[in-house]
Amino acid sequence: MKYHLEETQLRSLPTLKTRINGPHIVVYRYANRVVVWLGQESSVTKRGLTRARELCEYRAMLTSTASGGNSLQSASQQANMQIDRILLESLIAETGSAEAASQSLNDLVQLLETRYFERVWCIQEVVASKQCVCQSGDVVFNFYDLLSLTALVNELRGPQKPYSPLRFWSQVYQQRTREWKPHALKVESSVGSMLQVLMNMRNFQATDPRDRLFAIFGITDEGLQPVSANMDALVSGSNARVLSTMQKAFVWLGKKAEERGIQRTERNPAMTPNYTKPVMEVYRDFTRFMMRKGTRLLGVLSHVQHTRDPAAASTSWPSWVPRFDEPQSCTFFPARLFLPGIPLNGHYAYFAGLHDSPLRGSPVEPNVLQLDGFRVDSVASVCGPVRSDEGGTLPIQRLWNDLFAFPLFPRTTLKYIGGAEQLDTAFFLTLCTGGTGLVMSMPDQLGRLGDRLQGLQTLADHARNQARRWLAAFYGFPESAYPDLMPQSQAVRDANLSPVYYHVGVWNFLHHRRVFRTQQGFLGLGPDTMKPGDQVVSLFGGHMAFVLRQVSASDWALVGDCYLHHWDLMSGKLPELVRRRRVNILSETFRLI
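Residues numbered from 1 in each chain as written. Predicted model: local features only at pLDDT ≥ 70, side-chain atom pairs only at ≥ 80, totals over all residues. Heavy atoms only, no water.

Participant: So what's going on with the overall build of the protein chain? Which residues, and what values?
Facilitator: Of regular secondary structure, the protein chain possesses 24 helices and twelve strands. Buried residues in the protein chain amount to 53% of all 593 residues. Intrachain contacts of the protein chain at a sequence separation of at least 6 include 73% that bridge at least 24 residues. Total accessible area computed for the protein chain in this model is approximately 26,100 Å², and 51% of it derives from carbon and sulfur atoms. (Helix = DSSP H or I, 4+ residues; strand = E, 2+ residues; numbered from the N terminus. Buried < 20%, exposed > 50% of the residue type's maximum accessible area, 1.4 Å probe, protein only. Contact = heavy atoms within 4.5 Å. Areas by Shrake-Rupley, 256 points an atom, 1.4 Å probe, with all protein chains shown as cover.)

In structure tokens form, the structure reads like this:
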């Protein structure tokens, strides 16, 4: 890594050296240019960077055409997605050829999969820089132009590397080129919220496991502006402008206080690097802080991805503390689309019901997490393990047979619980996580989804439509066999139909998860380590439902989050009724160990 600093800049370095980012990030932030050294020139780097330059020039030409010859930024988001789709299709066509273009593309893929792109401390070097280029030998290329291709390469690799670090680098590029609304809080040198960053960098490498957190304190919203952590809220709809403006005001006050030499007190110890603490305690305290701050949301618990029975695991590591030091095993459910732990209506100072969890100071039982919520149903049956390498086909008949004693084909006349839809239709929607799996498989076809509830209903409509096309392509069923899958919306009917959309939409969340059925008959998609007898619960403040396992008369183990095909629960209607005591469902405190 190389950097260049002017003497005037060195003299004016602020007191940031004493803050959590350390002097090294200050160097990158004030450097005229940061050079990512990719090693001596080789045939791979030469051909790979040449191909990257060609693709960026091709994209610039397409973007200029789409925007009528104006600036690149004037093309709409929809047009940019279509341009990326054109580039992806052209790359897919190249991979099957024996031409030189195919070889240079392989070199580009190999270049982006070098160890540099998998190290956590390399992130600061790029994110904090004003200008960043990569260099191999004498070949110099804009590093962010190279990052603009990471999303395409990741799609091209497909299931070969489902959780590639390239997903994170794509996020870095998107954050750098993002168009900010006037009222939004923009944190300089940040790549987003801590949980979003952690979600995309679980497969990065770090010599010290604590650095998986410490290394991103200096490049995330909460790390750079602690006020934003203490004011976290569900910013959406009519309250977005007001809450964002309040955040900006408090950040401004914090900066003024620092300029006047007033010590800032808003940074929590859990957000300060401390290498004297054991790894588990660093992760545990961070997890508690992420739940305790702001309006108390439980998004951090969705980072729990057990690969072994949590009830039988070592008692030294609580089941509710995420293993940020372990690779990602499955795709995260989309955040804040489903809100089964948050009432649909009403005003609440705090969403989660936390006990023995002070914002500062130590809890009485630091390894025990006590949360309020309510039981939804117990798990009756669970399908076998699912892996995306099962020949590339969706094993839907095997999954169905694991849950039911009658075949999937021909169609059953049985209705799903509640009677609003057919049982097999509910099954197809559950596999696609209520339709949210399509967000990643066909983003350029979805258009504007409207508000949250309307968007969920539109996604479900798209999922039915794409499932109908998938059934016709793979099983030869005519449209008349599944009339209930025909969409009512004209906009959904006008979307392109492809069996690939449903196929990929299902695999997005099915890999390393299990389909299950509850005692009452609800279908769901849950963690890989769940089993019959587990309990599906709603924990107040949760973005998803959760699967718990009772280990004693008073203690539970957190197995993981789950999707339940239960509209009133996932939309927030049922939590509202429970919180207002309008249904005969009692809330209780769950003691997680």
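Participant: Pulling in residues and values, what's your account of the nonpolar core?
Facilitator: Among the nonpolar cores identified, the biggest contains 86 residues, and F143 and W169 are the most heavily contacted of them. Here the element with the most residues in this core is helix 15 (residues 279-292); it accounts for seven residues. If we skip the residues at most four places from it in the chain, F143 touches V36, Y116, F117, V126, C132, V133, C134 and W169. Counting residues in hydrophobic clusters, the runner-up holds 61 residues, among them F333, W470, F522 and L525. (Core = buried A, V, L, I, M, F, W, Y, C linked by side-chain atoms within 4.5 Å.)

Participant: Describe the side chain of H511, and please don't skip the residues or the numbers.
Facilitator: Its location among the elements puts H511 in the loop between helix 22 (499-510) and strand 7 (513-518). Exposure remark for H511: the relative accessible area of 11% places this residue in the buried category. With near-sequence residues (within four places) excluded, H511 lies in contact with Y163, S329, C330, V386, R387 and S388.

Participant: Describe the pairing of strand 12 (residues 588-592), with residues and values.
Facilitator: For a regular strand, the rule is simple: side chains alternate between the two faces of the sheet. Of the strand pairs in this sheet, strand 6 (residues 369-382) and strand 12 are connected by five bridges, and their pairing is antiparallel. Paired with D372 across the two strands is T589, which belongs to strand 12. Two strands pair when backbone bridges link them, and strand 11 (residues 555-564) and strand 12 are joined in this way by two bridges, in the parallel orientation. Following the sheet pairing, D555 is matched in strand 12 by R591. (Pairing = 2+ DSSP bridges.)

Participant: Any chance you could break down unusual backbone geometry for me, citing the residues and the numbers?
Facilitator: That bond from F409 to P410 is cis: its omega, -5 degrees, falls within 30 degrees of zero. Position of P410 relative to the elements: it lies in the loop between helix 16 (396-403) and helix 17 (423-431). At R296, a residue that is not glycine, the phi angle is positive and equals roughly 65 degrees. With respect to the helices, strands and loops of the structure, R296 is situated in the loop between helix 15 and strand 5 (354-355).

Participant: Any chance you could break down the environment of Q124 for me, citing the residues and the numbers?
Facilitator: With respect to the helices, strands and loops of the structure, Q124 is situated in helix 6 (residues 122-127). On a C-alpha basis, the gap between Q124 and R29 in space is 9.1 Å, while along the polypeptide they are 95 residues apart.

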